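Each chain, written out:
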Amino acid sequence: MTFDELGLRPEILRAIAEVGYTEPTPIQERAIKPILDGHDVIGAAQTGTGKTAAFVWPILQVLMQGERRGVRALILEPTRELAQQVAENLNDYGKYTGLLHTVLYGGVGLARQQTALKEGMDILVATPGRLLDHMDRGNLFFFDLRFLVLDEADRMTDMGFLPDLKRILKRLPGGRQTLLFSATIPPEIDMLARATLWEPVQIDIGQRAAPAEGVTHEVYPVRADQKLQALRKLLETKAPDSTLIFTKTKKGANELGEALRDAGLPVGILHSDRTQQARELTLKRFRDGEYKFLVATDIAGRGLDIDGITHIVNYDVPLYPEDYVHRIGRTARAKAVGEALMLVTPDEVRRLKAIERFVRQELPRFTLDGEPIPASAGMPHEEGEKRSGPPRRTGRG
Ligand code: AMP
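Everything numeric here is computed off the predicted structure, so don't read it as measured data.

Thresholds, definitions, all that
Residues numbered from 1 in each chain as written. Predicted model: local features only at pLDDT ≥ 70, side-chain atom pairs only at ≥ 80, totals over all residues. Heavy atoms only, no water. Salt bridge = Lys/Arg side-chain N within 4 Å of Asp/Glu carboxyl O. Helix = DSSP H or I, 4+ residues; strand = E, 2+ residues; numbered from the N terminus. Buried < 20%, exposed > 50% of the residue type's maximum accessible area, 1.4 Å probe, protein only. Phe/Tyr/Trp six-rings, centres within 6.5 Å; stacked < 30°, edge-to-face > 60°. Lys NZ or Arg CZ within 6 Å of the ring centre and 35° of its normal. Pairing = 2+ DSSP bridges. Axes fitted to C-alpha atoms, helices over the stretch in contact; angles between N-to-C directions. Arc of directions from axis to C-beta. Contact = heavy atoms within 4.5 Å. Near = heavy atom within 4 Å. Polar contact = N/O pair within 3.5 Å; in protein donor to acceptor, adjacent residues only side chain to side chain. Areas by Shrake-Rupley, 256 points an atom, 1.4 Å probe, with all protein chains shown as cover. Nonpolar A, V, L, I, M, F, W, Y, C, P; charged D, E, K, R; others polar.

Peer 1: Would you explain the pattern of salt bridges in this entry?
Peer 2: Within the structure shown, the criterion is met by 27 salt bridges. In this structure, Glu-18 engages Arg-14 in a salt bridge whose closest nitrogen and oxygen atoms are separated by 3.8 Å. Of this pair, Glu-18 and Arg-14 are both found in helix α1 (residues 10–19), four residues apart, which corresponds to roughly one turn of the helix. With a closest N to O distance of 3.2 Å, Arg-167 and Asp-136 form a salt bridge. Residue Arg-167 is found in helix α8 (residues 162–170), and its partner Asp-136 is found in helix α6 (residues 128–136); the two are separated by 31 residues along the sequence. Here Arg-167 falls in the partly exposed class, since its relative accessible area comes to 37%.

Peer 1: Explain the packing of aromatic side chains here, please?
Peer 2: Remark: the centre distance and the inter-plane angle together describe each pair of aromatic rings, the angle taken between the planes. Tallying each qualifying case throughout the model produces seven aromatic pairs. Where Tyr-220 meets Phe-366, the ring centres are 6.1 Å apart and the plane angle is 40°; that geometry is what we call tilted. With Tyr-220 in strand β8 (residues 215–221) and Phe-366 in strand β14 (residues 365–366), this pair connects stretches of sequence that are 146 residues apart. Classification of Tyr-220 as buried rests on a relative accessible area of 3%. For Phe-366, a relative accessible area of 17% corresponds to the buried category. Here the aromatic residues Phe-3, Tyr-21, Trp-57 and Tyr-93 are joined through ring pairs into a cluster of three or more. Directly above the aromatic system of Tyr-96 lies the positively charged group of Arg-14, at a separation of 3.8 Å from the ring centroid. Of note, Lys-227 hangs over the ring of Tyr-315, and the distance from its end group to the ring centre comes to 5.3 Å.

Peer 1: Sorry, what's going on with the sheet that holds strand β6 (residues 177–182) here?
Peer 2: Backbone-to-backbone hydrogen bonds pair the strands of a sheet. The strands run either parallel or antiparallel. Spatially, seven strands are ordered β3-β4-β2-β5-β6-β1-β7 in an open sheet, and the strand pairing comes out parallel. Either end of the sheet is taken by a strand with one partner, and the two such strands are β3 (101–104) and β7 (201–204). Across this sheet, the average inter-strand angle for adjacent strands is 10°, counted without regard to direction. Inspection of the sheet shows strand β2 (residues 73–76) paired to strand β5 (residues 147–150) by four bridges, in the parallel sense. Paired with Ala-73 across the two strands is Phe-147, which belongs to β5.

Peer 1: I tried to follow α8 on my own but got confused; where do I start?
Peer 2: Turn by turn, an α-helix covers 3.6 residues, leaving residues three or four places apart pointing in a common direction. Of all the residues in α8, the buried ones are Leu-162, Asp-164, Leu-165, Ile-168 and Leu-169. Here the buried residues of α8 occupy an arc of 155° about the axis, which is enough to place them on one side. More than 90 degrees from the buried face of α8, the exposed residues found are Pro-163 and Lys-170. Those residues of α8 hidden inside the fold are in contact with β2, α6, β5, α7 (153–158) and α9 (187–196).

Peer 1: I tried to follow the site of the ligand on my own but got confused; where do I start?
Peer 2: The environment of the ligand is made up of 15 residues, and the closest members are Tyr-21, Gln-28, Gly-48, Gly-50 and Thr-52. Within the contact set of the ligand, a nitrogen atom lies 2.8 Å away from a backbone nitrogen or oxygen of Glu-23. Gly-50 places a main-chain nitrogen or oxygen 2.7 Å from an oxygen atom of the ligand. When the ligand is considered free in solution it has 500 Å² of accessible area, and contact with the protein chains removes 86% of it. Here the shell around the ligand is built from residues that sort into four nonpolar, seven polar and four charged.

Below, the structure is given as structure tokens:
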């Protein structure tokens with residue numbers, strides 16, 4: 001399919017051409033027409049599939065054709081980074097539409113946002129908590145709401161936003177079009193969708209649990225006290241260009257980031273305890289290539305849309321299998337190829353197995369020298385791990 005066949009207006013096609021895309025992605029092929037036709041849509045699609053554009057383009061188009069009023073589209077995102085990225089997409093794709101947007105997220109002063117809200121906008125991108133703050137203060141009304149987008153719905157519920165979402169939904173007018181996107185559709189999302197969407201068009205672009213194509217996976221069994229050394233060795237042999245390194249905790253991110261810095265590597269640290277300003281600066285430096293390495297926690301790293309990431313390192317095995325897919329969704333974006341490396345200690349083997357079940361494939365093991373370890377060899381100390389059972393998600397992650 002070509003872009004011309006999607007039924008988009010010239011103002012939007014022009015912006016798409018300027019960004020340099022040559023053909024629509026599968027989610028774009030399948031979602032844009034139903035959205036333009038006025039249907040609710042539930043899309044099972046992970047980041048990296050082009051799903052943001054799949055809802056942003058038709059929304060821009062419909063709003064362009066309508067009358068200028070209050071907020072006509074509300075896009076909810078789980079994290080500020082994602083909210084900012086959607087806002088950047090709106091900048092790029094909407095530049096010939098004359099539509100205005102505002103973005104709201106926590107961690108920055110309310111007053112400045114309040115001023116921005118007074119100026120009015122067509123599209124509002126927000127995280128749920130901060131949106132409610134403003135709604136409770138009477139800063140925002142949605143009488144003219146035409147579109148509601150619940151993006152990364154599984155992540156929003158994982159982060160404990162379900163009660164906030166329900167409060168928001170109660171206060172929005174009916175008669176709008178609702179679009180829900182989620183990498184996976186667990187029961188609570190299914191229920192939310194049933195309660196919120198009206199006869200939705202269901203789009204499942206497959207591979208719900210499958211990581212982006214084009215990524216190669218490498219698992220390195222190591223002892224816990226070898227991790228840092230192992231990472232340094234891998235970074236030396238692979239000499240990666242732009243690498244995102246995930247740790248389980250913020251403390252772990254700080255410690256690893258500082259250790260790599262002490263070793264003279266250009267590395268940034270990203271997690272939610274850092275100030276908004278520090279996070280933005282870190283991201284900018286990583287994007288600009290000033291930092292070759294970025295150490296991040298799952299929530300901070302979620303959905304980062306940065307071109308040219310060649311390697312993902314899972315310094316700690318993610319606690320939840322779907323986070324592995326989210327983490328490596330940062331690489332191999334839009335067809336580039338990337339490598340996903342994972343250090344696995346004996347204590348983490350159980351979680352590795354959970355990931356393999358989730359992605360329905362066995363991830364190949366290697367020694368630090370790059371020699372393949374046959375699957376039949378198992379993992380060292382495999383029998384020795386504690387039987388602690390799978391972790392459960394609680395709170396806001
Ligand atoms: P998303 O799934 O929305 O996070 O988008 C993943 C990446 O794909 C982003 O870097 C987009 O800029 C890019 N992208 C979106 N649509 C296309 C397209 N039709 N062709 C190539 N890249 C695209």
